[in-house]
Amino acid sequence: MVVHIKLLNMKRMGYMYLSFVAFSAYILFCACNGNVRNGEVRSETEAVSEGMAEQSLPVDVPQEDTKEKKKVVEKEVLSRVKEIYDNICKSYNNNDTEMVGWVEWVRHYGSSSFNKEVQALLRMEEKHPGEMGLWSYDFWIQGQDWSHLSYRDVKIVRWMDDGRVEVQLVLHNMKDHPIGLTLIKEEGVWQIDDLRDEANPQGIRKTQAEYMSEL
């Protein structure tokens with residue numbers, strides 16, 4: 001009986017010893033992986049989340065500075081869009097008979113890549129005389145005809161990782177037309193890199209690319 005009790009005690013001590021060794025190994029593993037802080041064991045998820053939070057902004061750029069820079073960019077972008085559509089609306093409203101044309105607006109306000117694609121489109125269409133061509137309307141004003149153009153509700157809706165900015169506005173030409181613009185900064189000036197409307201939800205440039213691939 002005494003021998004049996006001693007064996008039971010030895011087993012219990014063995015279990016306790018193994019548990020202590022296993023717990024110590026776990027603590028050592030967590031510490032090596034940066035998951036122990038101030039004596040508190042953190043889960044792997046907590047450690048990863050904190051790491052992502054610490055890396056969300058460059059070390060040398062304070063968060064407040066980033067917010068201020070974003071405000072400056074926002075002001076620049078909105079001001080540029082208003083400048084562009086002020087000029088477009090004024091040009092048409094002061095001219096009752098002659099359409100300026102979408103090509104001219106791309107030349108003035110389009111990005112360099114947008115302009116290159118338009119020129120390529122025009123060269124391809126020259127090889128098919130007599131055909132209507134892709135753009136039978138001025139997508140900048142959403143129509144072939146116009147009557148007292150105006151716009152409103154200009155706002156930034158997306159900041160893209162490559163530095164471009166997406167803007168929405170409502171253009172009024174006989175009725176309201178929601179328009180999306182993608183702007184990119186080139187040589188210190190914000191230019192239109194793409195335009196989206198109801199007929200071209202993926203953008204004017206995507207429609208042009210698909211059209212050119214079929215010519």
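These notes cover the structure that comes with them. (Residues numbered from 1 in each chain as written. Predicted model: local features only at pLDDT ≥ 70, side-chain atom pairs only at ≥ 80, totals over all residues. Heavy atoms only, no water.)

Scanning the entire structure with this criterion turns up 12 salt bridges. Between Arg-164 and Asp-162 there is a salt bridge, and its shortest N-O distance comes to 2.8 Å. A salt bridge links Glu-210 to Lys-206; the nearest nitrogen and oxygen atoms lie 3.6 Å apart. Separated by 4 residues within a single helix, Glu-210 and Lys-206 lie in helix α6 (residues 204–214), roughly one turn from each other. The exposure class assigned to Glu-210 is partly exposed, which follows from its relative accessible area of 41%. A relative accessible area of 41% places Lys-206 in the partly exposed class. (Salt bridge = Lys/Arg side-chain N within 4 Å of Asp/Glu carboxyl O. Helix = DSSP H or I, 4+ residues; strand = E, 2+ residues; numbered from the N terminus. Buried < 20%, exposed > 50% of the residue type's maximum accessible area, 1.4 Å probe, protein only.)

Moving on, we get to the layout of surface pockets. Within this model, the largest pocket holds a volume of roughly 200 Å³. Surrounding the largest pocket, Thr-66, Lys-69, Lys-70, Val-73, Trp-159, Met-160, Asp-161, Gly-163, Arg-164, Val-165 and Trp-190 form its lining. Among the elements that line the lining of the largest pocket, the one with the most residues is helix α3 (residues 63–93), at 4 residues. Class assignment of the residues belonging to the lining of the largest pocket gives a composition of 5 nonpolar, 2 polar and 4 charged. Of the pockets and cavities examined, the second largest pocket occupies roughly 160 Å³. Along its surface, the second largest pocket is lined by 13 residues, and Gln-168, Leu-169, Pro-178, Ile-179 and Gly-180 are the ones closest to its centre. (1 Å grid on protein atoms, 1.4 Å probe; cavity = no way out; pocket = protein on both sides within 12 Å on 5 of 7 lines; lining within 4 Å. Points joined across faces, edges and corners; volume = space filled by probe spheres on them. Nonpolar A, V, L, I, M, F, W, Y, C, P; charged D, E, K, R; others polar.)

What follows deals with α6. Of all the positions in α6, only Ile-204, Arg-205, Gln-208, Tyr-211 and Met-212 are classed as buried. Down the axis of α6, the buried side of the element spans an arc of 125°, and every buried residue falls inside it. Facing away from the buried side of α6 by over 90 degrees, the exposed positions are Ser-213 and Glu-214. Among the structural elements, α4 (102–109), α5 (112–126) and β6 (189–196) are those in contact with the buried residues of α6. (Arc of directions from axis to C-beta. Contact = heavy atoms within 4.5 Å.)

Turning to the pairing of strand β4 (residues 165–173), a few remarks are in order. Of all 9 residues that make up β4, 7 are buried, and the element is covered over most of its length. Sheet analysis places strand β3 (residues 150–159) next to β4, joined by 7 bridges and oriented antiparallel. Across the sheet, Ile-156 pairs through a bridge with Val-167, a residue of β4. In this antiparallel pair of consecutive strands, β3 and β4, the connection spans 5 residues, and Gly-163 shows a positive phi of 95°. In terms of strand pairing, β4 meets strand β5 (residues 175–186) through 9 bridges, oriented antiparallel. Paired with Asn-173 across the two strands is Lys-175, which belongs to β5. Joining the antiparallel neighbours β4 and β5 is a turn of 1 residue, in which Met-174 adopts a positive phi near 75°. (Pairing = 2+ DSSP bridges.)

Next up on the list: the sheet that holds β4. Judged by pairing direction, the sheet is antiparallel, and its 4 strands sit side by side in the order β3-β4-β5-β6 without closing on themselves. Each edge of the open sheet carries a strand with a single partner, namely β3 and β6. Shown here is a sheet whose adjacent strand axes are inclined to one another by a mean of 30°, direction ignored. (Axes fitted to C-alpha atoms, helices over the stretch in contact; angles between N-to-C directions.)

For the pair α5 and α6, interaxial distance at closest approach is 11 Å and the crossing angle is 30°. Once α5 is placed against α6, the crossing between them reads as left-handed. From α5, Ser-113, Phe-114, Glu-117, Val-118, Ala-120, Leu-121, Met-124 and Glu-125 reach across to α6, where they touch Ile-204, Arg-205, Gln-208, Tyr-211 and Met-212. Residues that form the contact of α5 with α6 fall into these classes: 8 nonpolar, 2 polar and 3 charged. (Left-handed = near helix turned anticlockwise from the far one by under 90°.)

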